[in-house]
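The primary structure of each chain is shown beneath.
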Number of protein chains: 2
Amino acid sequence: MDIVLSKNEEDYLKALFQITVESNMGVAGTNQLALNLCVSPASVNGMIKKLRSKKLVKSERYGKLEMTSQGKTIAIQLVRKHRLWETFLYQYLDFSWDEVHEVAEQLEHIKSDKLIKQLNSFLGNPDSDPHGDPIPDETGNFSKKSKKNLAQIEEGKSCTVVSVKDASVAFLQMVSKLGIGLQTEIMVKNHHEFDASRTLLIGEQEHQVSLKFAENVFVKERV
Amino acid sequence: MDIVLSKNEEDYLKALFQITVESNMGVAGTNQLALNLCVSPASVNGMIKKLRSKKLVKSERYGKLEMTSQGKTIAIQLVRKHRLWETFLYQYLDFSWDEVHEVAEQLEHIKSDKLIKQLNSFLGNPDSDPHGDPIPDETGNFSKKSKKNLAQIEEGKSCTVVSVKDASVAFLQMVSKLGIGLQTEIMVKNHHEFDASRTLLIGEQEHQVSLKFAENVFVKERV
DNA sequence: AATATTTATTAGGCGAACCTAACTTATTAT
DNA sequence: ATAATAAGTTAGGTTCGCCTAATAAATATT
Ligand SMILES: [Mn+2]
Ligand SMILES: [Mn+2]
Ligand SMILES: [Mn+2]
Ligand SMILES: [Mn+2]
């Protein structure tokens, strides 16, 4: 009863999960998934056939892709592994936010139940990863929030930057001009009623940013 | 200049290193390597062709296999990674002696220089793994401890276990069932002429083991 | 030296995962 | 409703790593 999947099958399942379930779309198309995985639509088509025959994905010819509950269960465990590894790399091996993902992408495929169980204990059963994303528990439950965008932070509260939504050069230039980097601590001083802009305290400096800007910066609340 | 090898190429190189250099044979044959890797001689032949073209193995048609110094360098780093991971699993994740190998066999293929550098620091730059085998340093140096195997110990002499051959799970399970671990003291009571088996005194308990078993346990003589 | 045995290589094929190019079906715009 | 575009599928080909069966070379035995 213990299905063993290849690294590739796992990556497809996880990607499909993230663009359907995690983003609340429920379904996705071949091209979307192909784009996400940097692979041709034809390749996705072939893999989907296989996953369908393994009862992990459900869809009909020319129809949208959906995951079966078994498929979701497997995908969630991959997400769990990925985020536990990111946490380990970040907390114990001095990796920075932007370095953890690539390595976790490999580590998530290591086959060993004991490994992930013990890693979780070692890390103290963490509930979110270095990007502020929630870590599912052994049974697959996980809170859908934890990661917020800067615009959602209330007046007077502090947070640290964990990632950015938009990676365009224009946006990133603006980000760095403000002295914002990953791990930067930001205190939200005011929400301005007129245009919903925010006054931020970054280090000693105050900056005013638009709502649109704030929505593109992901943060983790300080507790 | 930075060669990227597949998991399989890596496994072939490491195995070849271990049956040639680590056992002082210097060379090996196709069949030997095939046996070691649980693969057909034909498969070894194909892979050797590729490794030869990459200048990692040197040999002529129908000749014995030898590694180039570049091949050895890569293999040594794989051995290093393998043993560092074993150490991590053993010391931090509550893995037992016989469980570490299988998982390290996967972890050794993770591609990240920073990962192994940081893992080494985290572990405090260890010089031997849970099986007592030496861990090469970043530059590839490592002490080739002269280990004796248990079968070479004379009647009436005592010794302590320093390592075991990285062999099958079955063997390692048998080892731990007898209460043997690193540093375990063993007194060799008798050599039995009939089948070359040995009677050992381990703690208060006497156990009889086969020659084959004794040859797979490495020890250091008591002085 | 001739023969038997072991060891290494080649030939031919298979499955996984990828690709491009051509095609079919579905959706959107006119 | 028709035509244009987008999305999904199929066909045919590549590379990688594996296999078995047949063959060739090296080594050991008589
Ligand atoms: Mn992955
Ligand atoms: Mn993450
Ligand atoms: Mn391996
Ligand atoms: Mn070991």
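We now turn to the structure provided with this report. (Residues numbered from 1 in each chain as written. Chains lettered and ligands numbered in written order. Predicted model: local features only at pLDDT ≥ 70, side-chain atom pairs only at ≥ 80, totals over all residues. Heavy atoms only, no water.)

1. As for the packing of helix α1 (residues 7-20) of chain B against helix α2 (residues 30-37) of chain B
If you want to describe how two helices pack, look at the angle between their axes and the distance between the axes.
Residue and element names in this part refer to chain B.
And step 1. Two elements in contact, α1 and α2, have axes whose closest approach is 10 Å; the angle formed by their N-to-C orientations is 115 degrees. Put simply, α1 runs roughly perpendicular to α2. Once α1 is placed against α2, the crossing between them reads as right-handed. In contact with Asp11, Tyr12, Ala15, Leu16 and Ile19 of α1, α2 contributes Gln32, Leu33, Asn36 and Leu37.
And step 2. Class assignment for the residues of the contact of α1 with α2 results in 6 nonpolar, 2 polar and 1 charged. (Axes fitted to C-alpha atoms, helices over the stretch in contact; angles between N-to-C directions. Helix = DSSP H or I, 4+ residues; strand = E, 2+ residues; numbered from the N terminus. Parallel < 35°, antiparallel > 145°, perpendicular 65-115°, else oblique. Left-handed = near helix turned anticlockwise from the far one by under 90°. Contact = heavy atoms within 4.5 Å. Nonpolar A, V, L, I, M, F, W, Y, C, P; charged D, E, K, R; others polar.)

2. With respect to the sheet that holds strand β6 (residues 198-202) of chain A
Residue and element names in this part refer to chain A.
And step 1. One open sheet holds the 6 strands; their spatial order is β3-β8-β4-β5-β6-β7, and the pairing between them is antiparallel. With partners counted over all chains shown, the strands left at the sheet margins are β3 (148-149) and β7 (205-209), one partner each.
And step 2. Strand direction decides the pairing type here: strand β4 (residues 158-164) and strand β8 (residues 217-221), joined by 5 bridges, are antiparallel. By the bridge assignment, Cys159 is partnered in β8 with Glu221. (Pairing = 2+ DSSP bridges.)

3. Looking at helix α3 (residues 41-53) of chain B
Turn by turn, an α-helix covers 3.6 residues, leaving residues three or four places apart pointing in a common direction.
Residues and elements named next belong to chain B.
And step 1. Look at α3: 18 Å from first C-alpha to last across 13 residues, which is about the 18 Å you get at 1.5 Å a residue.
And step 2. Listing the buried residues of α3 in full gives Val44, Met47, Ile48 and Leu51. Looking straight down α3, one finds its buried side chains confined to an arc of 110 degrees; they lie on one side. Residues Ala42, Lys49 and Ser53 are exposed on α3 and point more than 90 degrees away from its buried face.
And step 3. Positive phi shows up at Lys55, right after α3, with a value of about 65 degrees. (Expected span 1.5 Å × (residues − 1). Buried < 20%, exposed > 50% of the residue type's maximum accessible area, 1.4 Å probe, protein only. Arc of directions from axis to C-beta.)

4. Thoughts on the sheet that holds strand β8 (residues 217-221) of chain B
And step 1. Strands sit in the order β3-β8-β4-β5-β6-β7 (chain B) across an open sheet of 6 strands; the sheet is antiparallel. Looking at strand neighbours, the two that pair on one side only are β3 (148-149) and β7 (205-209) of chain B, the edges of this open sheet.

5. So, the pattern of salt bridges
Residues and elements named next belong to chain A.
And step 1. One pass over the structure, following the stated rule, counts 21 salt bridges over all chains.
And step 2. One salt bridge connects Glu9 with Lys50, and the closest N-O pair in it is separated by 3.4 Å. Pair noted here: Glu9 is in helix α1 (residues 7-20) and Lys50 is in helix α3 (residues 41-53), with a separation of 41 residues, a long-range link.
And step 3. Taking the relative accessible area as the measure of exposure, Glu9 reaches 3% and is therefore buried.
And step 4. Between Lys14 and Glu108 there is a salt bridge whose closest N-O contact spans 3.2 Å. (Salt bridge = Lys/Arg side-chain N within 4 Å of Asp/Glu carboxyl O.)

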